[in-house]
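Chain by chain, the residues run as shown.
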Amino acid sequence: IMLKKLSPIVSKLGFGGFLGMTAGYALKKIGKMAAFATGCVFIMFQGAAYAGFIDIHWNKIEHRMEQSLDVDGDGKLTMNDAVVIWKKYVKPMLTYHLPSGAGFSFGFMLGLKHG
């Protein structure tokens, strides 16, 4: 049903746009599963901490996560970091040797939106 709604747009985007849309759709679904799993693990650890079984140093975890994801080096995790990651790592990998990559980004965003 989603493809029927988007077929006029996708036909204009071409092969790269179609692949971008499917990649965005898949990434959103994978992201939802990862968020669910992360949430379940958080609840489990937080419950164990609340019961006194373990002690979690969230400040240390947050600091290490920010250090590893702060790719622009400004000391903060911002939207600019996400843009750098997209431009430097994700998009080049997903469009590598793609014959018609012009519509890929737009298709990718459509897939994320409708996924």
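Okay, so let's go over this structure. (Residues numbered from 1 in each chain as written. Predicted model: local features only at pLDDT ≥ 70, side-chain atom pairs only at ≥ 80, totals over all residues. Heavy atoms only, no water.)

1. Points about the overall build of the protein chain
Right, on to step 1. Helices and strands together make up the secondary structure of the protein chain, namely four helices and zero strands.
Right, on to step 2. In the protein chain, the succession of helices and strands from N to C terminus is α-α-α-α.
Right, on to step 3. By sequence separation, contacts in the protein chain at least 24 residues apart represent 54% of the contacts at least 6 residues apart.
Right, on to step 4. Only carbon and sulfur atoms are counted for the fraction: they give 69% of the accessible area of the protein chain, which is about 8600 Å². (Helix = DSSP H or I, 4+ residues; strand = E, 2+ residues; numbered from the N terminus. Contact = heavy atoms within 4.5 Å. Areas by Shrake-Rupley, 256 points an atom, 1.4 Å probe, with all protein chains shown as cover.)

2. Structural notes on the environment of Leu 94
Right, on to step 1. When you line up the elements, Leu 94 lands in helix α3 (residues 79–94).
Right, on to step 2. A residue is classified by how much of its surface remains accessible, and Leu 94, at 30% relative accessible area, is partly exposed.
Right, on to step 3. When the C-alpha atoms of Leu 94 and Phe 104 are compared, they prove to be 8.8 Å apart, with 10 residues separating the residues in sequence. (Buried < 20%, exposed > 50% of the residue type's maximum accessible area, 1.4 Å probe, protein only.)

3. Topic: a nonpolar patch on the surface
Right, on to step 1. Together, Phe 42, Ile 43, Trp 58, Ile 61, Met 65, Leu 69 and Leu 77 line one region of the surface with nonpolar side chains, adding up to about 660 Å² of accessible area.
Right, on to step 2. Sorting the residues of the nonpolar patch by element identifies α1 (2–50) and α2 (58–69) as the ones contributing at least two each.
Right, on to step 3. If one sorts the elements of the nonpolar patch by residue count, α2 sits on top with four residues.
Right, on to step 4. By the secondary structure assignment, Met 65 is in helix α2.
Right, on to step 5. Assessed through its relative accessible area of 46%, Met 65 is described here as partly exposed. (Patch = residues over 30% accessible without salt bridge, like charges linked within 9 Å, V, L, I, M, F, W, Y side chains within 5 Å. Salt bridge = Lys/Arg side-chain N within 4 Å of Asp/Glu carboxyl O.)

4. A look at the environment of Leu 77
Right, on to step 1. Locating Leu 77 in the fold gives a position in the loop between α2 and α3.
Right, on to step 2. Residue Leu 77 is classed as partly exposed on the basis of its relative accessible area, which comes to 46%.
Right, on to step 3. Along the sequence, Leu 77 and Gln 67 sit 10 residues apart, while their C-alpha atoms lie 8.4 Å from each other.
Right, on to step 4. When near neighbours in sequence (up to four residues on either side) are disregarded, Leu 77 contacts Glu 66, Leu 69 and Asp 70.

5. Digging into the side chain of Asp 81
Right, on to step 1. Counting through the fold element by element, Asp 81 comes out in helix α3.
Right, on to step 2. Engagement of the side chain of Asp 81 in a polar contact is seen with the backbone nitrogen of Val 71, the distance being 3.2 Å.
Right, on to step 3. Setting aside residues no more than four positions away along its own chain, Asp 81 makes contact with Leu 69, Asp 70, Val 71, Asp 72, Asp 74 and Lys 76. (Polar contact = N/O pair within 3.5 Å; in protein donor to acceptor, adjacent residues only side chain to side chain.)

6. A short note on the packing of aromatic side chains
Right, on to step 1. Throughout the structure, instances matching the rule amount to three aromatic pairs.
Right, on to step 2. Ring geometry for Trp 86 and Phe 108: centres 4.8 Å apart, planes at 40°, overall tilted. Of this pair, Trp 86 sits in helix α3 while Phe 108 sits in helix α4 (residues 104–114), and the two are 22 residues apart along the sequence.
Right, on to step 3. By relative accessible area, which is 19% here, Trp 86 ends up buried.
Right, on to step 4. Plain terms: the ring middles of Phe 104 and Phe 108 are 5.9 Å apart, the flat faces sit at 25° to each other, and that makes the pair stacked. Separated by four residues within a single helix, Phe 104 and Phe 108 lie in helix α4, roughly one turn from each other.
Right, on to step 5. Judged by relative accessible area, Phe 104 falls into the buried class, the value being 2%.
Right, on to step 6. Judged by its relative accessible area of 3%, Phe 108 falls in the buried class.
Right, on to step 7. Site record: aromatic cluster; members linked through ring pairs are Trp 86, Phe 104 and Phe 108. (Phe/Tyr/Trp six-rings, centres within 6.5 Å; stacked < 30°, edge-to-face > 60°.)

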